[in-house]
Amino acid sequence: PICMDLHREAQPFVDALARLSGEAVNLTVFNGTHSVIIRRSEPDRDRLNQITTLETVPAYCSSSGKATLAFQPAAAIEKVISLGLLRFTAATITERAMLLEQLEKIRELGYAIDNEEHQSGVRCIGAPIRDTNGRVFAAISVTGAARRITPARLGELAPLVMHHANAISAQLGYRPGIPPTARAGARDPVRA
C-alpha cells in the first residue's frame, strides 16, 4: 500500500519539479538491489508528459538508487555489492571502498549524483523519500543531458530536489524528530 500512496501523493511534486527544472523527473522505489522507476514526468514545450513505467536501474550507479541505498542497513548495502558492481560507463563506480565512501557523503549532503555512471552523456541528481517511520524506501531525481546539467547547475538543483523529496515524505506522514508512536494515527507497538 505504501507504493500506491507514494504514486498518488507524489504526482503533483513530480510534475512541479519537472516544470521548475525543465528536465525529466523520475520517482523510484528501492526493491533491495535496484531502483525501480514507477513514474516519469518529462517537460515538453507546451505540457508535461506523464509516463508510468517499471524500469529498473542498479542502485549503485543511479542517483535515485544511491539516494536510497545510502540510508539502508549495512547488510542491504553489502548485498548490492556482493551481486557485483558492473561497469556501464567509464564513470561507473566498481570498487567497494569508493562506493561506501560515496554513500557516506550522500548521507552527509542529503542527495546523490549520477555523474554519467549509468549512461554516458546523462547526469542526474536524486534525494531520498521517507515513509511515516522515517525509513528511506524511495527517491525522486532530476535527469538530463550532461551538457545541460552541468556541475554548477547540480548545485542549483540540489536544494530543489531535496525540497521536493522532503515534501513528498511529509505528505506520506514523515515528521523529522517525532517518534512514530507520537504521530497522529500511529499505533503503539507495545500496546498493539
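Caption draft 1: Representation of the side chain of Ser-21 within the structure. By secondary structure assignment, the location of Ser-21 is in helix α1 (residues 2-21). What makes Ser-21 buried here is its relative accessible area of 4%. Looking at Ser-21, its side chain comes within polar contact range of the main-chain oxygen of Leu-17, at 2.8 Å. At 3.1 Å, the side chain of Ser-21 and the backbone nitrogen of Glu-23 are in polar contact. With near-sequence residues (within four places) excluded, Ser-21 lies in contact with Val-142, Arg-153 and Leu-157.

Caption draft 2: Representation of the side chain of Glu-23. Here Glu-23 lies in the loop between α1 and β1 (24-30). Here the side chain of Glu-23 touches Arg-148 through a polar contact of 2.7 Å, side chain to side chain.

Caption draft 3: Representation of unusual backbone geometry. One non-glycine residue with positive phi stands out, namely Glu-116, at about 60 degrees. Looking at the secondary structure, you find Glu-116 in the loop between β5 (112-115) and β6 (122-130). What makes Glu-116 partly exposed here is its relative accessible area of 23%.

Caption draft 4: Spotlight on the pattern of salt bridges. Using the criterion set out here, one finds 9 salt bridges in the structure. A salt bridge links Arg-148 to Glu-23; its shortest N-O distance comes to 2.7 Å. On the criterion of sequence distance, the pair formed by Arg-148 in the loop between β7 (136-145) and α5 (151-171) and Glu-23 in the loop between α1 and β1 is long-range, its members being 125 residues apart. Note on Arg-148: relative accessible area 40%, which makes it partly exposed. One salt bridge connects Arg-96 with Glu-78, and the closest N-O pair in it is separated by 2.5 Å. Of the two residues, Arg-96 is situated in helix α4 (residues 96-109) and Glu-78 in helix α3 (residues 74-82); the sequence distance between them amounts to 18 residues. Using a relative accessible area of 42% as the deciding quantity, one classes Arg-96 as partly exposed. Given a relative accessible area of 30%, Glu-78 falls into the partly exposed group. When salt bridges that share partners are traced, they join Glu-23, Arg-148 and Arg-153 into one network.

The rules behind these values
Residues numbered from 1 in each chain as written. Predicted model: local features only at pLDDT ≥ 70, side-chain atom pairs only at ≥ 80, totals over all residues. Heavy atoms only, no water. Helix = DSSP H or I, 4+ residues; strand = E, 2+ residues; numbered from the N terminus. Buried < 20%, exposed > 50% of the residue type's maximum accessible area, 1.4 Å probe, protein only. Polar contact = N/O pair within 3.5 Å; in protein donor to acceptor, adjacent residues only side chain to side chain. Contact = heavy atoms within 4.5 Å. Salt bridge = Lys/Arg side-chain N within 4 Å of Asp/Glu carboxyl O.

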